[in-house]
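Residue-level structural notes
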Amino acid sequence: MSVDLSTVRRIAHLARIGVSEAEIPHLQDEINAILKFVEALEQVDVEGVEPMTSVIPMRLPMRDDVVTDGGIADDVLANAPLTEDGFFVVPKVIE
């Protein structure tokens, strides 16, 4: 797949990027090089290869999934201009 000059203009328009007419042929070459690289990647045989998150095998540390209130409610409420019964007081927005 390759892109033509009108496609480059459309991509620039959709991305809201200001591109001069002199830059369009260079961008066309750049986009076509990227697409050619992606096409080459499609040829790689990845059968039986597990997805990885890093080139170095590692295990992420796990912790118990425990619901808490954070234990700092008083500290958080101390930043509020107005509180009542442990909650923020805010102006009414619905009539």
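I will try to describe carefully the structure that is included in this document.

The rules behind each value
- Residues numbered from 1 in each chain as written.
- Predicted model: local features only at pLDDT ≥ 70, side-chain atom pairs only at ≥ 80, totals over all residues.
- Heavy atoms only, no water.
- Helix = DSSP H or I, 4+ residues; strand = E, 2+ residues; numbered from the N terminus.
- Rg over C-alpha atoms; globule rule 2.2 N^0.38 Å.
- Buried < 20%, exposed > 50% of the residue type's maximum accessible area, 1.4 Å probe, protein only.
- Contact = heavy atoms within 4.5 Å.
- Areas by Shrake-Rupley, 256 points an atom, 1.4 Å probe, with all protein chains shown as cover.
- Lys, Arg positive; Asp, Glu negative; His and termini not counted.
- Charge placed at Lys NZ, Arg CZ, Asp CG, Glu CD.
- Patch = residues over 30% accessible without salt bridge, like charges linked within 9 Å, V, L, I, M, F, W, Y side chains within 5 Å.
- Salt bridge = Lys/Arg side-chain N within 4 Å of Asp/Glu carboxyl O.
- Axes fitted to C-alpha atoms, helices over the stretch in contact; angles between N-to-C directions.
- Parallel < 35°, antiparallel > 145°, perpendicular 65-115°, else oblique.
- Nonpolar A, V, L, I, M, F, W, Y, C, P; charged D, E, K, R; others polar.

**Brief notes about the overall build of the protein chain**
In terms of helices and strands, the protein chain carries three helices and two strands. Its C-alpha radius of gyration of 27 Å places the protein chain more than 25% over the 12 Å reference for a compact globule of 95 residues. Projected onto its principal axes, the C-alpha positions of the protein chain cover 65 × 45 × 25 Å. Classification of the 95 residues of the protein chain by burial places 7% in the buried group. Partitioning the contacts of the protein chain with sequence separation of at least 6, the portion at a separation of at least 24 is 32%. Accessible area for the protein chain stands at about 9400 Å²; split by element, carbon and sulfur atoms hold 59% of it. Positive and negative charge centroids in the protein chain, built from 7 and 18 side chains respectively, lie 8 Å apart.

**Re the side chain of glutamine 28**
Within the secondary structure layout, glutamine 28 lies in helix H2 (residues 24-42). Those residues in contact with glutamine 28 that lie beyond four places of it in its chain are Val3, Asp4, Leu5 and Val8.

**Structural notes on a nonpolar patch on the surface**
Taken together, the side chains of Ile34, Phe37, Val38, Leu41, Val44, Val46 and Val49 present a nonpolar region at the surface, about 670 Å² in accessible area. Assignment of secondary structure puts valine 44 in the loop between H2 and helix H3 (73-77). For valine 44, a relative accessible area of 47% translates into the label partly exposed.

**Overview of the packing of helix H1 (residues 5-14) against H2**
Relative orientation of the contacting elements H1 and H2 amounts to 95 degrees, with a least axis distance of 9 Å. Viewed along their axes, H1 and H2 adopt a mutual orientation that is roughly perpendicular. On H2, the residues touching Leu5, Val8, Arg9 and Ile11 of H1 are Ile24, Pro25, Leu27, Gln28 and Ile31. Taken together, the residues of the contact of H1 with H2 sort by class into seven nonpolar, one polar and one charged.

**Side note on the pattern of salt bridges**
Oppositely charged side chains can form a pair if their charged atoms are brought close together. Across all of its chains, the model carries one salt bridge by this definition. The partner of arginine 9 in a salt bridge is glutamate 21, with the nearest N and O atoms 3.0 Å apart. Note that arginine 9 is positioned in helix H1 and glutamate 21 in the loop between H1 and H2, a separation of 12 residues in sequence. Under the relative-accessibility criterion, arginine 9 is labelled partly exposed at 38%. Residue glutamate 21 is classed as exposed on the basis of its relative accessible area, which comes to 53%.

**Remarks on unusual backbone geometry**
With a phi close to 55 degrees, arginine 16 is a non-glycine residue in the positive phi region. Structurally, arginine 16 is set in the loop between H1 and H2. Residue classification places arginine 16 among the exposed positions, given a relative accessible area of 66%. Positive phi is not limited to glycine here, since aspartate 85 has a value of about 50 degrees. Relative to the helices and strands, aspartate 85 is located in the loop between strand S1 (83-84) and strand S2 (87-88). A relative accessible area of 69% places aspartate 85 in the exposed class.

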